[in-house]
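Take a look at the letters that make up each chain.
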Amino acid sequence: MFRHLLYKEILTHLMSLRFALAALLCAAVVISGIMVRSESFYRSLNDYNHAYALQTAREKKLDHPSAIVWNGLRLHLKPEPLQVFAQGVDERRGLTVSINAHQLPKVLAQGWIDPVAALFPGMDLVNFIGIVMSLMAIVFGYDTVCGEKEDGTLRLMLSYPVPRDLVLIAKWVGGFAVLLIPLLCAVIAGVALVMQQGLLTLGAGQWWRLTVIVGLGVIYLAVIYTATVWVSCLAKRGATSIMLLVSMWLLMVLAIPVLCPYLARVLVPAPSFVATERDRWSLAADRWEWEVRRKLAEYDRSHGFGRRWWRAIDWRQWNSRKLAVERRLYETRRLHYAARERHRIFTRFDRKYRVAVAGQLELTRWLTRFSPFSCFTIAAAEIAGTGPRSRMRFLQRLAGHQKTLIDYGFGEWEKLLEYELEHQGRTRDWRRSHSPIPEFRQEPPAGAGLMRMVLFDVCALGFMLATFGMLGYLAFRNYDVR
Amino acid sequence: MLLHLIRKEIALHLVSLRFVLSVCLCLGLVGVSICATSARHLRARNELAAAKLRADERLRRICSQPDPRQRYSRIFNIEGIEEPVPLSSLSWLSQGVQEKYPRVFVVRLGSTMRLDRTMTGNPLAGMLRAPDFVFVVSALLSLLATMFMFDAVCGEKEDGTLRLMLANPVGRHQVLLGKWLGGYVLFVAPFILAVLAGMIHAGSLGLLLPENYAQIAVLVSGACLYLGVFFNLSLCVSCLNHRSSTSMLICLLAWVVLVLVVPGLSPVTARLLVPCDSPDTVRRARQAVEREFADRRKALFHSARGRSDRDWRDAEAGRLDREKKRALDRIMLTRDRQRFRQQALARDLGRISPAACWTYAAVALAGTGPDALARTEAALHRLERDTREFARDLRRARDRSPGRAWPDFGLSRVPRLRVVPASSRQAIIRALPNLLLLFMFNVLFFMGAYLRFLGYDAR
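Residues numbered from 1 in each chain as written. Chains lettered and ligands numbered in written order. Predicted model: local features only at pLDDT ≥ 70, side-chain atom pairs only at ≥ 80, totals over all residues. Heavy atoms only, no water.

### Overview of the overall build of chain A
Of regular secondary structure, chain A possesses 17 helices and 3 strands. Since a compact globule built from 482 residues should have a radius of gyration of about 23 Å, the 31 Å found for chain A marks it as more spread out than a globular shape. Taken over the C-alpha atoms alone, chain A extends approximately 110 × 50 × 40 Å along its principal axes. Looking at chain A residue by residue over its 482 residues, the buried ones come to 55%. Carbon and sulfur atoms form 59% of the exposed surface of chain A, whose accessible area is close to 21,700 Å². In chain A, the 61 positive side-chain charges and the 40 negative ones have mean positions that sit 2 Å from each other. (Helix = DSSP H or I, 4+ residues; strand = E, 2+ residues; numbered from the N terminus. Rg over C-alpha atoms; globule rule 2.2 N^0.38 Å. Buried < 20%, exposed > 50% of the residue type's maximum accessible area, 1.4 Å probe, protein only. Areas by Shrake-Rupley, 256 points an atom, 1.4 Å probe, with all protein chains shown as cover. Lys, Arg positive; Asp, Glu negative; His and termini not counted. Charge placed at Lys NZ, Arg CZ, Asp CG, Glu CD.)

### Here's the deal with the interface of chain A and chain B
Contact residues are listed per partner, giving 88 residues for chain A and 86 residues for chain B. Together chain A and chain B conceal approximately 7,800 Å² of surface at their shared face, both sides included; 73% is due to carbon and sulfur atoms. The largest share of the area that chain A buries against chain B comes from L119, F120 and Y262 of chain A, three residues that together contribute 10% of it. Counting across the interface, chain A meets chain B through 1 salt bridge. Between chain A and chain B we count 1 residue pair in polar contact (both at pLDDT 80 or more) in total. Among the residues forming the side of chain A that touches chain B, the class breakdown is 58 nonpolar, 15 polar and 15 charged. (Contact = heavy atoms within 4.5 Å. Buried area = accessible area lost by both parts, 1.4 Å probe. Salt bridge = Lys/Arg side-chain N within 4 Å of Asp/Glu carboxyl O. Polar contact = N/O pair within 3.5 Å; in protein donor to acceptor, adjacent residues only side chain to side chain. Nonpolar A, V, L, I, M, F, W, Y, C, P; charged D, E, K, R; others polar.)

### Topic: the nonpolar core
One finds W249 of chain A together with F133, F191, W255 and W358 of chain B to be the most contacted residues of the largest nonpolar core, which totals 188 residues. Apart from residues lying up to four places away in sequence, W358 of chain B is in contact with F133, V134, V137, S138, L219, G222, A223, Y226 and L438 of chain B. Residues V116 and L119 of chain A together with Y101 and F105 of chain B belong to the second largest nonpolar core, which totals 20 residues. (Core = buried A, V, L, I, M, F, W, Y, C linked by side-chain atoms within 4.5 Å.)

### With respect to the packing of helix α7 (residues 172-204) of chain B against helix α14 (residues 424-454) of chain B
All names here are of chain B. Two numbers describe how α7 lies on α14: the axes approach to 10 Å, and their chain directions differ by 140°. Compared by their axis directions, α7 and α14 come out oblique. The crossing of α7 and α14 is right-handed. Here R172, H173, V175, L176, L177 and W180 of α7 come into contact with α14, specifically with F446, A449, Y450, F453 and L454. A per-class count over the contact of α7 with α14 returns 9 nonpolar, 1 polar and 1 charged. (Axes fitted to C-alpha atoms, helices over the stretch in contact; angles between N-to-C directions. Parallel < 35°, antiparallel > 145°, perpendicular 65-115°, else oblique. Left-handed = near helix turned anticlockwise from the far one by under 90°.)

### Side note on the confidence of the model for chain A
Overall, the predicted model of chain A reaches an average pLDDT of 84, with 97% of residues at or above 70. No element of chain A has a lower mean pLDDT than helix α11 (residues 273-303) of chain A, at 76, and none a higher one than helix α9 (residues 204-234) of chain A, at 92. (pLDDT = per-residue confidence, 0-100.)

### What to know about the packing of aromatic side chains
All names here are of chain B. Under the defined criterion, the tally for this structure stands at 30 aromatic pairs over all chains. Judged by centre distance (6.1 Å) and plane angle (15°), the rings of F133 and F191 are stacked. Pair noted here: F133 is in helix α4 (residues 133-149) and F191 is in helix α7, with a separation of 58 residues, a long-range link. Assigned by exposure class, F133 and F191 land together as buried. Plain terms: the ring middles of F133 and W358 are 6.5 Å apart, the flat faces sit at 75° to each other, and that makes the pair edge-to-face. (Phe/Tyr/Trp six-rings, centres within 6.5 Å; stacked < 30°, edge-to-face > 60°.)

### Structural notes on the side chain of E83 of chain B
Assignment of secondary structure puts E83 of chain B in strand β1 (residues 81-84). Within the structure, E83 of chain B has its side chain in polar contact with the side chain of R416 of chain B (distance 2.6 Å).

### Considerations on the sheet that holds strand β2 (residues 104-108) of chain B
Within a sheet, adjacent strands bond to each other through the backbone by hydrogen bonds, running parallel or antiparallel. Residues and elements named next belong to chain B. Pairing in this open sheet of 3 strands is antiparallel, and the strands run β1-β2-β3 from one edge to the other. Taken across any chain shown, the strands that pair with only one partner, and hence form the sheet edges, are β1 and β3 (111-115). In this sheet, neighbouring strand axes are inclined to one another by 20° on average, regardless of whether the strands run parallel or antiparallel. Across the sheet, helix α13 (residues 370-400) is in contact with β1, β2 and β3; its angle to β2 comes to roughly 25°. (Pairing = 2+ DSSP bridges.)

### Some thoughts on the pattern of salt bridges
Residues and elements named next belong to chain B. Per the stated rule, a full pass over the model turns up 43 salt bridges over all chains. For R319, the salt bridge goes to E316, with nearest N and O atoms at 3.0 Å. Residue R319 and its partner E316 are both found in helix α11 (residues 310-350); the two are separated by 3 residues, about one turn of the helix. One salt-bridge network, held together by shared partners, links E292, R296, E316, R319 and E323.

### Quick look at the packing of helix α2 (residues 17-61) of chain A against helix α10 (residues 279-303) of chain B
Packing of α2 of chain A against α10 of chain B brings their axes to within 9 Å, and their N-to-C directions diverge by 45°. By the angle between their directions, the pair α2 of chain A and α10 of chain B is classed as oblique. Side by side, α2 of chain A and α10 of chain B meet where N46, D47 and H50 of chain A of the first sit next to P279, D280, R283 and Q287 of chain B of the second. Considered class by class, the residues forming the contact of α2 of chain A with α10 of chain B number 1 nonpolar, 3 polar and 3 charged.

### A closer look at the environment of A145 of chain B
All names here are of chain B. Looking at the element boundaries, A145 is found in helix α4. In this structure A145 comes out as buried when scored by relative accessible area, which is 0%. Separated by 123 residues in sequence, A145 and S22 place their C-alpha atoms 8.5 Å apart. Look past the residues within four positions of A145 in its chain and what remains in contact with it is F187, L227, F230, F231 and S234.

### Structural notes on a nonpolar patch on the surface
All names here are of chain A. On the surface, a nonpolar cluster with roughly 510 Å² of combined accessible area is contributed by Y7, L11, L14, M15 and I181. By residue number, the principal contributor to the nonpolar patch is helix α1 (residues 2-14), which donates 3 residues. Here L14 lies in helix α1. (Patch = residues over 30% accessible without salt bridge, like charges linked within 9 Å, V, L, I, M, F, W, Y side chains within 5 Å.)

### Some points on the sheet that holds strand β1 (residues 73-77) of chain A
Residue and element names in this part refer to chain A. Spatially, 3 strands are ordered β1-β2-β3 in an open sheet, and the strand pairing comes out antiparallel. Each edge of the sheet is formed by a strand with only one pairing partner; in this case those strands are β1 and β3 (106-107). Direction of pairing for β1 relative to strand β2 (residues 95-99): antiparallel, over a ladder of 5 bridges. Within the sheet, the bridge partner assigned to L75 lies in β2 and is V97. Each of β1 and β2 touches helix α15 (residues 388-422); the most contacted strand, β2, lies at about 35° to it.

Okay, here's the thing in structure tokens:
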């Protein structure tokens, strides 16, 4: 009996206008979206490769570690291929960060912004599933029960010896399966096309992540479809059902996820970024003054160094120059210590600011968990490595990398001066003898870390699915078919 | 008779679930949106003022140094001129492209850094569109408007009341007009109320400036016009169908296509139709030009090796430099032209959708659209040029002075970023074509509904 019911449901949906429209939309938007975004990814990967090669060449030309300390380096972060499917918190592909020993790392903005694309950002797969397919799920299911009641076929069906739970399950499975067909076909076709054209290459881990993202999308659509079936069991007329569902959709998909971050900002205000920066700089400047200028002045006083002494140095004679090199070594060590202190101050202030922002983020996540759309998009973005927590991790790693660069730059500088002192003024060519410059590595979270990041959202989706399913079942058991 | 029909429509809607839902959503969404964005704007404005103060103080500190040479090198080579990018006074109504734009420019001789502070705030805020007034009207209220009218005619046919109504001596145009007017007034009234409440709140925060009244009035009228488009569209679809479920399906699909798909696809389609050279291609073309001129220069110096005429060689080298600059400028000009053509096509393609027309009109009125971006870019180019010229003048003055002493200069002579915002009149004129298009959409859909309703089979 179940097979008959399922067959009937699938046939009804397959022959309906809504299926044709869903198939058309999926084919047009998903395939073109994946292709265009992959092409754009391919371009940004080329740009990244070029910028990386330039940066490597520039690093090879560096002749003294002071260049790393003062001018700094540019970090080019590789674009993430999964951003094609889940754009996440930042629509830029790849990033360029300017980092040195004495300032906060600076994220460089894009050189040129396409104003039309900025006004209407294209839709990635996650947003397509989250917004358009959820609306399609509503269109597929809003009259599952009440529509049949209006047509009078439900009464006829229930006059046969068929249990209600079987009818409901058949309706759910039939409708949901037909909803998934155009989406999955379009995703497979889109991915196959870009792979065939060589625009996108995914590793084994990325394939797995993409599968999980699509799987999450299926769970999300199941939640929406189940809620739709539930509302359809509550309403007596299709028009009432659709009105209720569209209002719920507006709130859950468009209103709550968009408004909550702003509400969180109002409820948990973070300290002003400019004020934080001002305080940070004034404290850092004081410490710099104390650690470098005053200590150097003390050193000069105790060793009797003055302007006249500097002028009297004969730079060709090692005996005359030695004191100057010793002083320079002392100065470098003070600078090293002061830079570390400054970094500590920066990080302390940064932590204060970041704790407030993390509070906002947590509140936003709790507020938005009422919306299945947010649970899905945030979890998908985290899996793709483009989510909010991934960004926080990236910023923390960046701060850690700056500390490594400070130690590396000053350490190399001190080693050069020590070598000069040990070898009676003989200098070493740093370009040939230095240890490799530390590289910034950003690996997306994997395994247990990733599971921890998305577990709550996945559980929330599962909970919603079970709740709406139960509610739908209870509502249909008592549904008046007359 | 028309009055009776309007009264009937209003009474019918007033007791319906959709009206209650629309009022709640309208008041809630518009109110929360204006509260959230105005609080954010206030904060951003204060931050901007503090950043400006800090930048001024830093420049003043540099300029108070006694050695003009150090002043020169710190301003033009080391620290640069730091300029926070100004905010539009109406960005609380429409964020536009401002959110994606750099927050600070640091201009040095030969290089400009564009700093981005979007990495510092709540990352979830950047994941979707900003919940500003324009977004609420464009995506949320347009869907409500569509849902308000999708069964205006076919629903009555299904209930059997249309047949009864048309059995009375009443013109079909009157029926349609009555339906439209009754529904529209009832839908727009809570929206206007919500906007008024939002404006009072914004006024209490000091965000309502007298010079912006005209822009705000046009913006709210434009919103009503835009909502009218979806009202008329669903009315037209309702007249085209005989079952409300089919009508609803088509209306929803039309909404998805017009609001979500077409505007997003327009820049993509424009990119495909008018391809623009990628940065990589431009870089390669520039490198090729530079290589070619380096070879020509080498050949010139090689040929001049035996000659004693150094003036001739220098003149030729100067000519080569000028030629090279022209060739490089040509490459950049071609790229800029391609970008401009692509943008224009994307804008025109997007105008198929009323949502895009409304957004273009709104961002033009709020001063946060492509036009404002172009003004800021122009101001930045002016600042770069002034910086170059000022530094050149200082160097020339140093070269001319005996003992190559650096000339003295104060803070007042240091070039600054001056963005000239569009006036109220300019903003309204820029928004007018898009508002006219919205009006045309209204007329088109209403005419479609009218023509279809004239021959509608009410049985």
